[in-house]
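Given next are the chains, with one letter for each unit.
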Amino acid sequence: MKRAYIKNIAYYVPEKILDNKYFESILDTNNEWIVTRTGIETRRMAREDETIFEMGLNAVKNLQNKGVDLSDIDTIIVPTVTKDYIFPSMAGQIQKALGLKHCFALDFSAACSGYVYALNTITALIESGQSKNVLMLCSEKLTKDINWKDRGTAILFGDAATASLITGREDGRGVLAMDMQSEPDLTIVLNGGSACPIRAEDCDGADFKIYMEGGETFKRAVTEFSNSIDRVLAKAGKSLSDVKFFVPHQANLRIIQAVAKRIGLPMEKVSVTLNKFGNSSSTSIGLALNDALEKNKIKDGDLVLFTGFGGGFTWGSTLMIW
Ligand code: ACO
């Protein structure tokens, strides 16, 4: 049986680093609160004129710089919450930039669960034979959607892009099981769609920036992370003790620690990059995976667990034999 696996991954982050001192200068907050309550020390911020497409293409170029040939890509999936255009799709723009003719390109958003939702969707496309070589591109410019006066959200988010090459293999390694769930909820909202369209005069207004009830989101994230992990393990006939490495969405270190404790994994077996990059939505899991691979923390044959939670609400997991 053909199983999907992540053959290679690369990332791009903008040059500008925002540290917690910066937020001390614009908000009633301090480094100690931010570090102890979130684990975040720095995050990246794109240039004003830097587009989501440009960041995404930089991640793709970094993948090519690793020697990856993208000429036989037949599918491009872009699960991002931030956008340059409503349409054309970002996936289509990347297809054009790569000069790929026989390819299907699709954008969707599942907020911070984007990486896992896309990985699971791509797994189904590969297992069904619809797709063979898939480029999954995540690119987020969340700093353009931040309410800089809201200390509960402004400190959390950063900009980044990741490019993952996903293909099939038949030696038993790859994706073993998937889980995805969602629920309509307005605890985290980013307006600007037809329900609350942006007019020129209120482009900078708080109604059109990320709104989040942090405490509720926190509690729900811990609960649904755990529920999703239980379901994906049950589907694969595995138990918590089989998991060798955990790559979670990077929203808050306390969420990650609580879930790691429940799984019984020491933090050395959990990838954490939010200290450097904050929460960069769909790119977070890719950044964390890339970091773990660069540090040789994941060995061939390890059972690796990916879990995401995001606005929507959305949540899900992927269990993969590396
Ligand atoms: N500096 C200082 N104080 C702050 C700050 C800050 N930056 N932010 C909030 N506070 C204050 C609050 O005003 C509150 O003060 P009060 O008691 O006087 O009212 C107090 O700290 C406690 O506020 P809480 O919101 O309860 O703080 P909490 O410990 O929950 O941390 C946080 C807030 C960091 C937002 C946390 O709730 C969190 O990480 N939530 C989850 C985020 C998440 O999982 N997101 C995933 C999806 S995101 C997406 O999909 C786009």
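Because the structure is predicted, anything quoted here is derived from the model rather than measured.

The rules we used
Residues numbered from 1 in each chain as written. Predicted model: local features only at pLDDT ≥ 70, side-chain atom pairs only at ≥ 80, totals over all residues. Heavy atoms only, no water. Helix = DSSP H or I, 4+ residues; strand = E, 2+ residues; numbered from the N terminus. Domains from an automatic or database assignment. Contact = heavy atoms within 4.5 Å. Buried area = accessible area lost by both parts, 1.4 Å probe. Salt bridge = Lys/Arg side-chain N within 4 Å of Asp/Glu carboxyl O. UniProt positions renumbered as here; feature names shortened; annotations may be inferred.

Asker: Tell me about unusual backbone geometry, and name the residues and values.
Answerer: Phenylalanine 87 connects to proline 88 through a cis peptide bond whose omega is 10°. Looking along the chain, the bond that leaves glycine 312 and enters phenylalanine 313 is cis, with omega of -10°. Despite not being glycine, alanine 111 shows a phi value in the positive range, around 50°. You can see alanine 111 is positioned in the loop between strand E5 (104-108) and helix H5 (114-128).

Asker: Explain the domain arrangement of the chain to me, using residue names and the numbers behind them.
Answerer: Segmenting the chain into domains produces domain 1 (3-170) and domain 2 (175-321). Each side of the interface is counted separately: domain 1 has 48 residues, and domain 2 has 46 residues. Interface area for domain 1 against domain 2, summed over the two sides, is near 3900 Å², with a carbon-plus-sulfur share of 62%. For domain 1, the biggest contributors to the area lost against domain 2 are Cys112, Tyr117 and Asn120; these three give 16% of the whole. On inspection of domain 1 and its partner domain 2, the count reaches 0 salt bridges. Broken down by secondary-structure element, the contributors of at least two residues to the side of domain 1 that touches domain 2 are strand E1 (3-12), helix H2 (31-38), strand E3 (42-45), H5, strand E6 (133-140) and strand E7 (160-169). Ranked by residue count, the leading element in the side of domain 1 that touches domain 2 is H5, at 8 residues.

Asker: Quick rundown of the UniProt feature "domain: Beta-ketoacyl-[acyl-carrier-protein] synthase III N-terminal" (unreviewed entry) in the chain? Include the residues and the values.
Answerer: Listed under "domain: Beta-ketoacyl-[acyl-carrier-protein] synthase III N-terminal" (unreviewed entry) in the UniProt record, and renumbered for this structure, are residues 106-183. Between the end C-alpha atoms of residues 106-183 the distance is 22 Å, and the span holds 24% helix and 38% strand.

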